[in-house]
Protein chains: 2
Amino acid sequence: MNTKVMTGLMELTPEAQLKFEQIKSTIAQEFARFGFSPIDTPVLERSEILLAKAGGETEQQIYQFKKGDTDIALRFDLTVPLARYVAEHYHELVFPFRRSQIGKAYRGERPQKGRFREFYQCDIDVIAQDQLDLSYDAEMIQIINSVFTKLNLAKFTIRLNNRKILTGLLEGLGLEAKSTAILRIIDKIEKISPQEFDQELSKLGLNQDQIQNLNQFISLTGTPTEIIKQLKKLPISTDKFNQGVTELKTVVDLADQFGVSPENYRIDLSIARGLDYYTGTVYETFFDDYPEFGSICSGGRYDDLASHYIDKKLPGVGISIGLTRLFSQLLENNLIDFTKKTVADVLVVPLSTQEITLANQVAQALRQTDINTDVLLADIPIKKKFKHADRLGVKQIVVIGEDEAKRQLFTLQNMTSGEKTQLTLKELVDKLAHN
Amino acid sequence: MNTKVMTGLMELTPEAQLKFEQIKSTIAQEFARFGFSPIDTPVLERSEILLAKAGGETEQQIYQFKKGDTDIALRFDLTVPLARYVAEHYHELVFPFRRSQIGKAYRGERPQKGRFREFYQCDIDVIAQDQLDLSYDAEMIQIINSVFTKLNLAKFTIRLNNRKILTGLLEGLGLEAKSTAILRIIDKIEKISPQEFDQELSKLGLNQDQIQNLNQFISLTGTPTEIIKQLKKLPISTDKFNQGVTELKTVVDLADQFGVSPENYRIDLSIARGLDYYTGTVYETFFDDYPEFGSICSGGRYDDLASHYIDKKLPGVGISIGLTRLFSQLLENNLIDFTKKTVADVLVVPLSTQEITLANQVAQALRQTDINTDVLLADIPIKKKFKHADRLGVKQIVVIGEDEAKRQLFTLQNMTSGEKTQLTLKELVDKLAHN
C-alpha cells in the first residue's frame with residue numbers, strides 16, 4: 001500500500017518537526033506577548049459560509065462534500081472563519097477584539113512546487129466596532145518586526161503601502177474603471193519582467209504616458225520620509241490619494257515611535273495585494289537574501305470584516321504568516337539545522353534492568369526541573385544502548401550501572417566530547433537545569 | 001446567514017478557549033517531559049489507508065470525498081496515521097520510537113450529546129521493533145498519573161487490566177469462540193444494569209454457571225497485590241491466562257517502583273476495551289467523582305502496529321486523551337473557572353493619544369520580561385477605557401497620563417481592589433514579573 005502522503009501535503013520527520021514546532025511556538029508566544037488571545041474555530045464549515053466570501057479561483061479550490069444532509073467544506077483560510085466567529089459571538093466579545101489563530105487551512109491546489117493543499121496559517125487581527133485607530137496599523141509593523149526578530153531566521157524587510165494611494169492615483173489618471181485589473185498586474189510585478197509588466201498594462205488599454213507614469217510612481221525609492229515628500233509633490237489631488245498619503249505618514253511615524261528599526265521596514269508603492277479586500281495599509285514581508293520566497297508575512301487594513309454575516313461595521317487590521325510554505329522553503333534552502341531527533345534534552349541509560357527504577361527516579365527529578373528526559377527502558381545489550389543514544393542525537397546522557405547505583409553517583413556523559421563526570425543527584429539536576 | 005457552527009463541532013468563546021489551551025499545553029508539556037517527540041501528520045489521508053484499518057461503525061463515519069482523481073478521507077483517529085507514518089518513515093526513525101501527537105480527528109457521528117464530529121486527540125505511543133519491554137507499559141501509568149496530577153482537574157483513578165487474562169479466562173470456560181462478543185458486553189458494563197448484563201450474556205448462549213463465574217471474576221476487588229493473589233488461586237490454567245497474570249503483576253510492581261501513588265491506580269478486571277486491537281495491558285482513567293464522564297484517558301499494548309502497511313513486527317503501547325470531549329464535560333459540570341477574556345496579564349492604558357508611544361514602550365519592557373501585555377491604543381473617552389479593562393477581566397492595568405509621563409512614574413492599578421501604586425518602569429517590571 002502507498003504510505004506516502006498525497007501530493008501537496010507536508011509531513012516531516014521527527015527532527016524537522018521539532019524545528020517546525022519551535023517556530024510555531026515562537027510565533028504563538030509573540031502573539032500572546034502582544035495580548036492576542038487564541039481562538040480555534042472548526043476546520044469544517046457550512047459550505048454556504050465559505051462560498052459567501054470565496055470568489056473565482058478560491059471557490060474552485062474548496063474541498064467540499066456532503067454527509068447526510070449537510071453540505072460541508074474545509075476552510076480555505078482563517079479570515080472567513082474569523083468573520084463568522086465575530087458575527088456569531090458578537091455580544092460575547094470585547095472590542096477592540098485581539099485574536100490570534102494558528103491552524104490548518106485547505107485548498108485543492110494543483111500539485112505545484114510551494115503550493116500546499118493543507119497548510120498552517122498563523123494569523124492575528126484586531127477588530128473594532130465602527131472605527132479603528134491607525135495606531136493599530138503601526139502596531140502590526142511592530143509585531144511583524146518582533147516575531148521575525150525573535151525567529152531570527154534571516155534578515156527581513158517589511159514593505160508597507162496604502163491601498164488608497166494606488167487607487168487614488170489610478171483615479172487621478174482616469175483609470176478607476178480598470179483599477180482592479182491594474183492592481184492585479186502590479187501585484188505580480190516581482191514575478192514578471194519589466195517588459196511583460198508594460199505589455200500587460202498596454203493590453204488593458206493604457207497608453208505609453210500612463211504606463212510610464214505608473215512605472216515612475218511605483219518605483220519611487222528612499223526613506224519613508226523621502227517617499228512621502230515625493231508623494232506630496234506629485235500633481236495628483238484626488239481625496240483618496242491624499243487620504244492614503246496622510247494615513248501612510250501617520251503609520252510610518254508611529255512605527256518609528258514604536259521602536260521599529262528603520263532598517264526593518266520601508267515603503268514600497270508597488271505593494272498592491274490586488275486580490276484581497278484591503279482598503280488601507282497593506283504589508284508584505286520579505287527575506288532580504290531570499291526574495292524568491294515571496295512574502296512571508298502579509299496583511300493589511302480592511303473596512304469591514306463581516307458584512308456578509310452581520311449588520312455591523314467591523315473594521316480591522318491583521319497579518320498572516322503562511323507557515324507551511326515558509327518552512328518548506330527554509331528546508332529547501334538549508335536554513336534549518338537539525339541537531340537531534342528527540343524532544344528530550346537528556347537520555348537516562350540504565351545499564352541493566354536492575355537500575356531501571358533508579359533511572360526512572362533520576363529522570364523524574366530532572367523532569368521536575370523542567371528538563372525533557374527520556375529513559376531507555378529496553379532490555380538490550382549495553383552497546384546497543386549507546387548506539388541508541390547516539391542515533392537520537394541527544395547531547396548528554398546519564399549512565400546508571402551497578403556502581404553508580406551503589407555509590408549514588410551518576411555518570412553524566414557528553415555525547416560530543418565523550419567527557420564523563422560523576423555527580424550526585426542534586427549536582428546532576430543543578431548542572432542540567434543551567435545548561 | 002446561519003453563523004452557528006454545525007452540530008457536533010465545538011467552538012469556544014475566548015475565555016473558555018484560554019482554559020482549553022492551558023490544558024492542551026500542559027498535556028503537550030508533560031508528553032515532552034517524558035521525551036515523546038511531536039509529529040504532525042496531515043488530516044487528509046488517502047481513503048484506502050484509512051479504510052484498510054477502519055471497520056464497521058467507524059467506516060460509516062469516515063468523511064470521504066473526491067477531488068479530481070483523488071479519493072480523500074479525513075482521519076478518524078491518530079493511530080492509523082501513526083501506523084502509516086511509521087511504515088513510511090521506518091528507516092528514518094530511531095526505535096523505541098516515542099512519539100506524541102495532539103491534533104484534530106473527524107467522525108461523521110450522529111448528533112448526540114458528548115459526541116463530536118471534530119475533536120482533539122492527545123496521543124503518545126512507544127513503538128519498538130520486534131519486542132517491547134513491559135517496563136514501557138508501567139511507564140504509561142506513570143505518565144497518565146503525571147499528566148492528570150499536573151492538570152489538577154479532579155481526583156482520578158487509572159484502571160488497569162490485561163486482555164490476556166480475560167481472553168485466557170474465556171478459553172478456560174470453553175467460551176473462546178464467543179470471546180469478541182463477550183468482551184464487547186463486558187466493555188459496556190458501566191453503562192448497563194447488572195440484569196441487562198446477565199441477559200445479554202444469556203442471549204449469547206452462556207449458562208447460569210458461566211455467567212456467575214464471569215460476574216465473580218470481573219468483580220474481584222482489593223489492592224493490586226490482593227487481586228493478583230486471588231487470580232493465581234483461580235482454577236484456570238490456560239497459558240494465556242497465566243501469561244496475562246504474570247504480565248499484570250510485572251506492570252503493577254513496576255508502576256509502584258516508578259512512584260505512582262497507590263491511590264491513583266487499581267486493577268479492574270472488567271476493563272476489556274473489546275472493540276480495540278489491544279493484546280495485553282489495557283488502561284482506562286476515570287474521575288472518581290464524575291464516573292459519568294466515562295474514561296478520560298485510555299490505551300494499551302498492541303502486538304503489531306502497522307502490519308497493514310509494512311512487513312515488520314512493530315509492537316507498541318500507547319494512551320490517548322479525548323480532549324474535546326473531556327473539555328465539554330468539564331464545562332458542563334462547571335469545573336472550569338473563567339477569570340479573564342484575554343491572554344494578556346496586563347493592559348496598559350494611555351489616557352490620551354499623547355501617551356501612546358510611552359505606553360507602547362512600557363508594554364515592550366513588560367513583554368521582554370515575558371509578561372503578556374496589551375495596550376489600549378483606541379482614542380476613546382477615559383471612562384470607556386476603564387470599562388474596556390473591566391470587561392477584559394485583566395487583574396492589573398498600568399495607567400499612563402500626562403502626569404505619569406512627566407514624572408516617569410506609572411500607576412499600577414489592581415482592578416479587583418482598586419489599589420493604585422506609583423512605580424518607576426524598573427519597579428513596575430520587577431513587580432509584575434514576580435506576580
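Keep in mind it's a predicted model, so treat the numbers as computed, not measured. (Residues numbered from 1 in each chain as written. Chains lettered and ligands numbered in written order. Predicted model: local features only at pLDDT ≥ 70, side-chain atom pairs only at ≥ 80, totals over all residues. Heavy atoms only, no water.)

**Re the overall build of chain A**
Looking only at helices and strands, chain A has 16 helices and 16 strands in total. Counting only C-alpha atoms and orienting by the principal axes, one finds that chain A spans roughly 90 × 60 × 45 Å. Counting every position in chain A, which comprises 435 residues, the buried fraction comes to 59%. When the accessible surface of chain A is totalled, it reaches about 18300 Å², and 46% of it is carbon and sulfur. Of the charged side chains in chain A, 53 are positive and 59 negative; the average position of the first set lies 4 Å away from that of the second. (Helix = DSSP H or I, 4+ residues; strand = E, 2+ residues; numbered from the N terminus. Buried < 20%, exposed > 50% of the residue type's maximum accessible area, 1.4 Å probe, protein only. Areas by Shrake-Rupley, 256 points an atom, 1.4 Å probe, with all protein chains shown as cover. Lys, Arg positive; Asp, Glu negative; His and termini not counted. Charge placed at Lys NZ, Arg CZ, Asp CG, Glu CD.)

**Some remarks on the packing of aromatic side chains**
Using the criterion set out here, one finds 25 aromatic pairs over all chains in the structure. With centroids separated by 5.2 Å and ring planes inclined at 85 degrees, the aromatic side chains of B:Phe20 and B:Phe327 adopt a geometry described as edge-to-face. Highlighted residues: B:Phe20 in helix α1 (residues 14–33) and B:Phe327 in helix α12 (residues 323–332), separated in sequence by 307 residues. No difference in accessibility class separates B:Phe20 from B:Phe327, as the two residues are buried. Residues B:Phe148 and B:Phe156 carry aromatic rings whose centres are separated by 5.9 Å and whose planes lie at 50 degrees to one another, so their mutual orientation is tilted. Just as B:Phe148 is buried, B:Phe156 falls in that class too. Chaining the aromatic ring pairs together yields one cluster made of A:Phe148, A:Phe156, A:Phe287, A:Tyr290 and A:Phe293. (Phe/Tyr/Trp six-rings, centres within 6.5 Å; stacked < 30°, edge-to-face > 60°.)

**Structural notes on the pairing of strand β14 (residues 396–400) of chain B**
Residues and elements named next belong to chain B. Most of β14 is tucked away, with 5 of its 5 residues classed as buried. Judged by which residues are buried, β14 turns out to be covered on both faces: Gln-396, Val-398 and Ile-400 on one side and Ile-397 and Val-399 on the other are all buried. Pairing analysis gives 4 bridges linking β14 to strand β15 (residues 410–414), with the strands arranged antiparallel. Along β15, the bridge assignment pairs Ile-397 with Gln-413. (Pairing = 2+ DSSP bridges.)

**A look at the interface of chain B and chain A**
Often, the extent of an interface is quoted as the loss of accessible area upon association of its parts. Chain B puts 93 residues into the contact, and the matching count from chain A is 94 residues. Between chain B and chain A the total buried area reaches about 8300 Å² when both faces are included, carbon and sulfur atoms providing 55% of it. The interface formed by chain B and chain A holds 10 salt bridges in total. The salt bridge involving B:Glu11 is made with A:Arg84; its shortest N-O contact spans 2.6 Å. Here the side of chain B that touches chain A is built from residues that sort into 45 nonpolar, 24 polar and 24 charged. (Contact = heavy atoms within 4.5 Å. Buried area = accessible area lost by both parts, 1.4 Å probe. Salt bridge = Lys/Arg side-chain N within 4 Å of Asp/Glu carboxyl O. Nonpolar A, V, L, I, M, F, W, Y, C, P; charged D, E, K, R; others polar.)

**As for the sheet that holds strand β4 (residues 70–74) of chain A**
One key point about sheets: their strands pair by backbone hydrogen bonds, in either a parallel or an antiparallel sense. All names here are of chain A. Strand order in the open sheet formed by 3 strands is β2-β4-β3, with antiparallel pairing between adjacent strands. Each edge of the open sheet carries a strand with a single partner, namely β2 (44–46) and β3 (64–67). The sheet shows a mean angle of 40 degrees between the axes of neighbouring strands, taken without regard to direction. In the sheet, β2 pairs with β4 via 3 bridges, with the strands oriented antiparallel. Following the sheet pairing, Glu-45 is matched in β4 by Ala-73. (Axes fitted to C-alpha atoms, helices over the stretch in contact; angles between N-to-C directions.)

**Things to note about the packing of helix α7 (residues 179–187) of chain B against helix α8 (residues 194–203) of chain B**
Residues and elements named next belong to chain B. Contact geometry of α7 with α8 gives a least axis separation of 10 Å together with a crossing angle of 170 degrees. In terms of orientation, α7 and α8 fall into the roughly antiparallel class. On the side of α7, the interface is formed by Ile-182, Ile-185 and Ile-186, while α8 contributes Phe-197, Glu-200 and Leu-201. Looking at side-chain class alone, the contact of α7 with α8 contains 5 nonpolar, no polar and 1 charged residues. (Parallel < 35°, antiparallel > 145°, perpendicular 65-115°, else oblique.)

**Some details on the state of the cysteines**
Residues and elements named next belong to chain A. Using the criterion set out here, one finds 0 disulfides over all chains in the structure. Sulfur of Cys-297: no disulfide; nearest cysteine sulfur belongs to Cys-122 and is 9.2 Å away. The exposure class of Cys-297 is buried, given its relative accessible area of 1%. (Disulfide = S-S within 2.5 Å.)

**A few points about the relation of the copies chain B and chain A**
Mapping chain B onto chain A is achieved by rotating through 180 degrees and translating by 0.0 Å along the same axis, at an RMSD of 0.0 Å. The superposition of one copy onto the other is thereby described by a two-fold rotation axis. Residue B:Phe65, judged by its C-alpha, is the member of chain B lying nearest the rotation axis, at 3.0 Å. (Least-squares fit on C-alpha atoms with pLDDT ≥ 70 in both.)

**With respect to the side chain of B:Gln210**
Residue and element names in this part refer to chain B. Its location among the elements puts Gln-210 in helix α9 (residues 208–218). On the basis of relative accessibility, which here comes to 15%, the residue Gln-210 falls in the buried class. Gln-210 has contacts with Leu-173, Leu-175 and Gly-205, leaving out every residue within four places of it along the chain.

**Description of the packing of helix α10 (residues 224–233) of chain B against helix α11 (residues 239–257) of chain B**
Packed helices, taken two at a time, are described by their axes: the angle between them and the distance between them. All names here are of chain B. Contact geometry of α10 with α11 gives a least axis separation of 11 Å together with a crossing angle of 165 degrees. Comparing their axes, α11 and α10 come out roughly antiparallel. Remark: the crossing between α10 and α11 carries left-handed chirality. Across the interface between the two elements, Pro-224, Ile-228, Leu-231 and Lys-232 from α10 touch Phe-241, Val-245, Leu-248, Lys-249 and Val-252 from α11. Its residues placed into classes, the contact of α10 with α11 shows 7 nonpolar, no polar and 2 charged. (Left-handed = near helix turned anticlockwise from the far one by under 90°.)

**A short note on the pattern of salt bridges**
If charged atoms from side chains of opposite charge come close, those side chains can pair. Residues and elements named next belong to chain A. Enumeration according to the criterion identifies 48 salt bridges over all chains in this entry. Note that Lys-19 is salt-bridged to Asp-337, the shortest N-O span being 3.8 Å. Of this pair, Lys-19 sits in helix α1 (residues 14–33) while Asp-337 sits in the loop between α12 (323–332) and β12 (346–350); the two residues are 318 residues apart in sequence, bridging distant segments of the chain. Residue Lys-19 is classed as buried on the basis of its relative accessible area, which comes to 16%. By relative accessible area, which is 48% here, Asp-337 ends up partly exposed.

**Details of the sheet that holds strand β4 (residues 70–74) of chain B**
All names here are of chain B. With respect to topology, 3 strands assemble into an open sheet ordered β2-β4-β3, the strand pairing being antiparallel. Both outer strands of the open sheet, β2 (44–46) and β3 (64–67), are each paired with one neighbouring strand and no more. When the angles between neighbouring strand axes are averaged without regard to direction, this sheet yields 40 degrees. Two elements, β3 and β4, share 4 bridges in a ladder whose sense is antiparallel. When the bridges of β4 are listed, Gln-64 appears paired with Ala-73.

**Observations regarding helix α5 (residues 135–151) of chain A**
All names here are of chain A. The end-to-end C-alpha separation of α5 is 24 Å, in line with the 24 Å expected for 17 residues at 1.5 Å each. The element α5 is largely enclosed, with a buried count of 15 among its 17 residues. Positive phi appears at Asn-152, one or two residues downstream of α5, with a value of about 55 degrees. (Expected span 1.5 Å × (residues − 1).)

**Quick word on the pairing of strand β12 (residues 346–350) of chain B**
Residue and element names in this part refer to chain B. Burial of β12 is extensive: 5 of the 5 residues sit out of reach of the surface. Alternating residues of β12 divide into Val-346, Val-348 and Pro-350 and Leu-347 and Val-349, and every residue in both groups is buried. Where β12 meets strand β13 (residues 373–375), 3 bridges bridge the pair, whose relative direction is parallel. Bridging from a neighbouring strand, Leu-347 pairs with Asp-374 of β13. You can see the chain leave β12, run along helix α13 (residues 356–367) and come back into β13, and the turn it takes is right-handed. Where β12 meets β14, 5 bridges bridge the pair, whose relative direction is parallel. (Right-handed = clockwise from strand over helix to strand, strands pointing away.)

**Focus: the environment of B:Thr26**
Residues and elements named next belong to chain B. Along the chain, Thr-26 falls in helix α1. When the C-alpha positions of Thr-26 and Leu-428 are compared, they lie 29 Å apart, and in sequence the two are 402 residues distant. One polar contact links the side chain of Thr-26 to the main-chain carbonyl oxygen of Gln-22, over a distance of 2.8 Å. (Polar contact = N/O pair within 3.5 Å; in protein donor to acceptor, adjacent residues only side chain to side chain.)

Honestly, that's just the spatial picture; any functional story needs more than this.
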